[in-house]
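Residue-level listing of the chains:
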Amino acid sequence: MTVAQSCMKAKFVCIQENLEVEVSLEIYTGATPNGWKITIMIEELKEAGVVLPEVNYHTVSLGGDQFTDEYTAMNPNQKLPTIVHDGRVIIESCAILQYLGEKFPSSLFPTDDRRWDVIPWLYWQAANIGPVFGNKLSYTRYITDANEEQKAHPMERFGKEALRLVSVLDYQLARHSYLTGDQYTVADIATWCWIRSYKWSKVDITTKPRVVDWVHRVRARPGVERGIGYGVPKDEIDKFSKERREQYKRGGGSIASNEALKSDL
Ligand SMILES: N[C@@H](CCC(=O)N[C@@H](CS)C(=O)NCC(=O)O)C(=O)O
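What counts, and at which threshold
Residues numbered from 1 in each chain as written. Predicted model: local features only at pLDDT ≥ 70, side-chain atom pairs only at ≥ 80, totals over all residues. Axes fitted to C-alpha atoms, helices over the stretch in contact; angles between N-to-C directions. Helix = DSSP H or I, 4+ residues; strand = E, 2+ residues; numbered from the N terminus. Parallel < 35°, antiparallel > 145°, perpendicular 65-115°, else oblique. Left-handed = near helix turned anticlockwise from the far one by under 90°. Contact = placed C-beta atoms within 7 Å. Core = buried A, V, L, I, M, F, W, Y, C linked by C-beta atoms within 7 Å. Buried ≥ 20, exposed ≤ 12 C-beta atoms within 10 Å, placed from the backbone. Domains from an automatic or database assignment. Near = placed C-beta within 6 Å. Nonpolar A, V, L, I, M, F, W, Y, C, P; charged D, E, K, R; others polar. Pairing = 2+ DSSP bridges. Right-handed = clockwise from strand over helix to strand, strands pointing away. Expected span 1.5 Å × (residues − 1).

Undergrad: Explain the packing of helix α4 (residues 93-103) against helix α7 (residues 186-195) to me, using residue names and the numbers behind them.
TA: Running from amino to carboxyl end, α4 crosses α7 at an angle of 150°, the nearest separation of the two axes being 10 Å. By the angle between their directions, the pair α4 and α7 is classed as roughly antiparallel. Helix-helix and strand crossings are classified by hand; for α4 and α7 the assignment is right-handed. Between α4 and α7, the contacting residues are Ser93, Cys94, Leu97, Gln98 and Gly101 on the first element and Val186, Ile189 and Ala190 on the second.

Undergrad: Tell me about the nonpolar core, and please be specific about residues and values.
TA: Counting 55 residues, the largest nonpolar core has Met41, Leu97, Leu122, Val186, Ile189 and Ala190 as the members making the most contacts within it. When residues in this core are grouped by element, the largest group, nine residues, is from helix α5 (residues 115-142). The residues that make up this core include at least three from each of domain 1 (20-103) and domain 2 (115-259). Those residues in contact with Ile189 that sit more than four places away from it in its chain are Lys37, Ile40, Met41, Glu44 and Leu97.

Undergrad: How would you sum up the environment of Gly35? Please name residues and give values.
TA: The topology assignment puts Gly35 in helix α2 (residues 33-47). With 24 C-beta atoms packed within 10 Å, Gly35 lands in the buried category. Expressed as a C-alpha distance, the spacing of Gly35 and Gly227, which sit 192 residues apart in the sequence, is 9.7 Å. The contact partners of Gly35, leaving out residues within four places of it in the chain, are Thr29, Gly30, Leu80 and Pro81.

Undergrad: I'd like a rundown of the site of the ligand, residues and numbers included.
TA: Close to the ligand lie 14 residues, the nearest being Thr32, Asn34, Lys79, Leu80 and Ser93. When residues of the shell around the ligand are traced back to their parent elements, those giving at least two are α2, α4 and α5. Take the shell around the ligand: its biggest share by element is three residues, from α2. Per-class residue counts for the shell around the ligand are six nonpolar, six polar and two charged.

Undergrad: Explain the sheet that holds strand β6 (residues 88-91) residue by residue, including any values.
TA: Strand order in the open sheet formed by four strands is β4-β3-β5-β6, and the pairing between neighbours is mixed. Both edges of this open sheet fall to β4 (55-59) and β6, since each of them pairs with a single strand only. Within this sheet the neighbouring strands show an average axis-to-axis angle of 20°, counted without direction. Both strand β3 (residues 25-29) and β4 contribute to a ladder of five bridges, which runs parallel. Looking at β4, one finds that Thr29 is bridged to Thr59. Contacts from α2 reach β3, β4 and β5 (82-85), with the element oriented near 145° to β3.

Undergrad: An account of the domain arrangement of the chain is needed here, citing residue identities and associated values.
TA: Taken domain by domain, the chain holds domain 1 (20-103) and domain 2 (115-259). Between the C-alpha centres of domain 1 and domain 2 there is a distance of 20 Å. Listed per partner, the contact involves 23 residues of domain 1 and 22 residues of domain 2. At the level of secondary structure, the elements contributing two or more residues to the side of domain 1 that touches domain 2 comprise α2 and α4. Broken down by element, the side of domain 1 that touches domain 2 gets its largest block of residues, 12 residues, from α2. Partitioned by chemical class, the residues of the side of domain 1 that touches domain 2 number nine nonpolar, nine polar and five charged.

Undergrad: Tell me what's going on with the pairing of β3, and back it up with residues and numbers.
TA: With five of its five residues buried, β3 lies for the most part within the structure. The side-chain alternation of β3 yields two buried faces, one formed by Leu25, Ile27 and Thr29 and the other by Glu26 and Tyr28. Following the backbone out of β3, through α2 and into the adjacent parallel β4, one traces a crossover that is right-handed. With four bridges connecting them, β3 and β5 associate as antiparallel partners.

Undergrad: For α2, give the residues involved together with the corresponding values.
TA: Compared with the 21 Å implied by 1.5 Å per residue over 15 residues, the 21 Å span of α2 between its first and last C-alpha is a close match. Most of α2 sits out of view: 13 of its 15 residues are buried. One or two positions beyond α2, positive phi appears at Gly49, with a value near 85°.

So this is what it looks like as structure tokens:
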């Protein structure tokens, strides 16, 4: 759906004399760690009792939807997710989490000064966990245009750095129940989406029982259960079938190859 079409779907409701504009939330996402951040957030907001506008999902297939002119007009970075709300396009998963947290207040994102306990850890996820776990995963599972010798250095580099980040998470969890304090927030959602698939990226978190416990505690939340199911059959949420692993390998392989990198749009 184009941005213009999305905007046309906006619902206008007139309350008393004031014209209050209630616009739908258009979410462009997919079954990937960055995509699930948003589907989980929506379900967690519902769990928190927040009344949301109409939510419309649009699946972005990474087989090429991200490169279409329509999608690029919304998200020049050509990655998912993207949302459109109230005439505004927001890109970058963590910025979207912050936006939703601010627009639809709940305990997931403090709107007072305590937001500064959370925002730096959202940045930490975006700048560290996402890229490092993403690269570790690519070298472990996807990249086919490099041989084992060529892969050895980045594998060691991203493998060690991923473990260091897990120990940062463990340090935080030694002091409180969740990443930024005793309250579960958007920072947990963002980080959990990458850490929970540690077996797929082959980052051994099992030496950190607190981290493993946090992975299970977050997984047990009903909002997470529903959000993480986006684009995946229920019986494959925690363990992909052989066919899905092959499908992810093929898709990941073409995205991670140097061929896929363009020097301009
Ligand atoms: N920093 C971005 C990263 C987004 C990202 O890398 N998304 C992946 C899916 S998890 C993607 O769209 N990949 C497609 C591609 O690289 O062509 C965010 O957090 O939104």
